[in-house]
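Each chain is listed here by its residues.
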Amino acid sequence: MTNDRHTGKAASGRRWPVAIAAALGGCALVAASTVPAAAHGKAHGKAHGRATDYVSLGDSYTSGPLIPDQVDTNCARSNRNYPSVVAAARGVATFKDMSCGGATTEHMWTAQGTNDPQLSALRRDTDLVTLQIGGNDMGFGTIIATCAALGAQEPTGDPCRRHYTASGSDELTAAIDRTAPKVARVLKAVHAKAPHARVLVVGYPDLLPDDGVGCFPTVPFGSKDFPYLRDTEKQLNSMLRTVAERHHVEYVDTYGPTRGHDMCKAPEDRWIEPLQPTSPAAPAHPNAKGEAVMARAVLDHLDKGHGHEHGHGHGNGHGHGRH
């Protein structure tokens, strides 16, 4: 990583807000197409002695925007996202991937273009559900665009932290707290619609260096904002784990398995793409390697046998951030 702060700011400072808004906006709501969200066929065979009916719910971290092959352009959904990898590895009987770029908890009940309400895929005989949601409820895309625009003007400071704490309290912590009951409402609905399913809440991967060291201009945040944004993501994951445990479902940690492969790493080492990707993936999102690692985290968790088919087991994910 070259340390060219002044050149990076002069060259990119004016372009970052426009480029990021366009990229993240495109990820959040891809132009609608006639390709419907549908079941991904039936895999043959049985997993662990019995057939499994699997439904995946989630946002763009689940759907895998821009990762080849995109099988639903309305939802920016890839056939190499982690649910697809899990479904293939488990040899499930049926697989319905309802994940959709830009999804919030409200899209569990409301359609997104051609994507039906995500909860509509659940049945009383659904065996396995994975859920990864909450980032868009707390304003993930807006936060990244705001912090990048501020950081491009003050690359050695913490303008993002000052912006979100100017009122005397942390707006991002408050946003996470507001998101918790929304995720809880989704889990209650999952239990009601699929009472016998094993339910896994999947956390978010490591986006920024865990040691808090920045990488301007590759990721154009102020150098002192990296620890703040890292801790904010850890708070989000901690909230998801806590809500999962309170509702007697399992939590899958994907932060730990992806640590050290964040968007600041060299292209060959990173599993999360920076705001100007070098591999096919959306900005600030997992690439195919990242999706594969998240799939392995889910598979390892399933193979460890935590919980049982009625979804009342506690997860073994390791929490990050506050409790």
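Notes on the structure follow. Source: prediction; values computed, not measured. (Residues numbered from 1 in each chain as written. Predicted model: local features only at pLDDT ≥ 70, side-chain atom pairs only at ≥ 80, totals over all residues. Heavy atoms only, no water.)

### Digging into the sheet that holds strand E4 (residues 94–97)
The strand order across the open sheet built from five strands is E4-E1-E5-E6-E7, with neighbouring strands paired in parallel fashion. Each of the sheet's edge strands pairs with one partner strand only, and the pair in question is E4 and strand E7 (250–252). This sheet shows a mean twist of 20 degrees between the axes of neighbouring strands, independent of strand direction. Pairing analysis gives five bridges linking strand E1 (residues 53–58) to strand E5 (residues 128–132), with the strands arranged parallel. Bridging from a neighbouring strand, Leu-57 pairs with Leu-131 of E5. Lying on the sheet, helix H4 (residues 82–90) is in contact with E1, E4, E5 and strand E6 (198–202); it crosses E4 at an angle near 180 degrees. (Pairing = 2+ DSSP bridges. Helix = DSSP H or I, 4+ residues; strand = E, 2+ residues; numbered from the N terminus. Axes fitted to C-alpha atoms, helices over the stretch in contact; angles between N-to-C directions. Contact = heavy atoms within 4.5 Å.)

### Section: the packing of H4 against helix H10 (residues 288–304)
Contact pair H4 / H10: the axes reach a minimum separation of 8 Å and the direction vectors enclose 45 degrees. On the basis of the axis angle, H4 is oblique to H10. In this structure, H4 meets H10 at a crossing whose hand is right-handed. Residue-level contacts link Tyr-82, Val-85, Val-86, Ala-89 and Arg-90 of H4 to Glu-291, Met-294, Ala-295, Val-298, Leu-299, Leu-302 and Asp-303 of H10. (Parallel < 35°, antiparallel > 145°, perpendicular 65-115°, else oblique. Left-handed = near helix turned anticlockwise from the far one by under 90°.)

### Structural notes on the pairing of E5
Burial analysis of E5 places five of its five residues in the buried class, which makes it a mostly covered element. Judged by which residues are buried, E5 turns out to be covered on both faces: Leu-128, Thr-130 and Gln-132 on one side and Val-129 and Leu-131 on the other are all buried. Strand direction decides the pairing type here: E5 and E6, joined by four bridges, are parallel. In the strand pairing of E6, Val-129 is matched with Val-199. (Buried < 20%, exposed > 50% of the residue type's maximum accessible area, 1.4 Å probe, protein only.)

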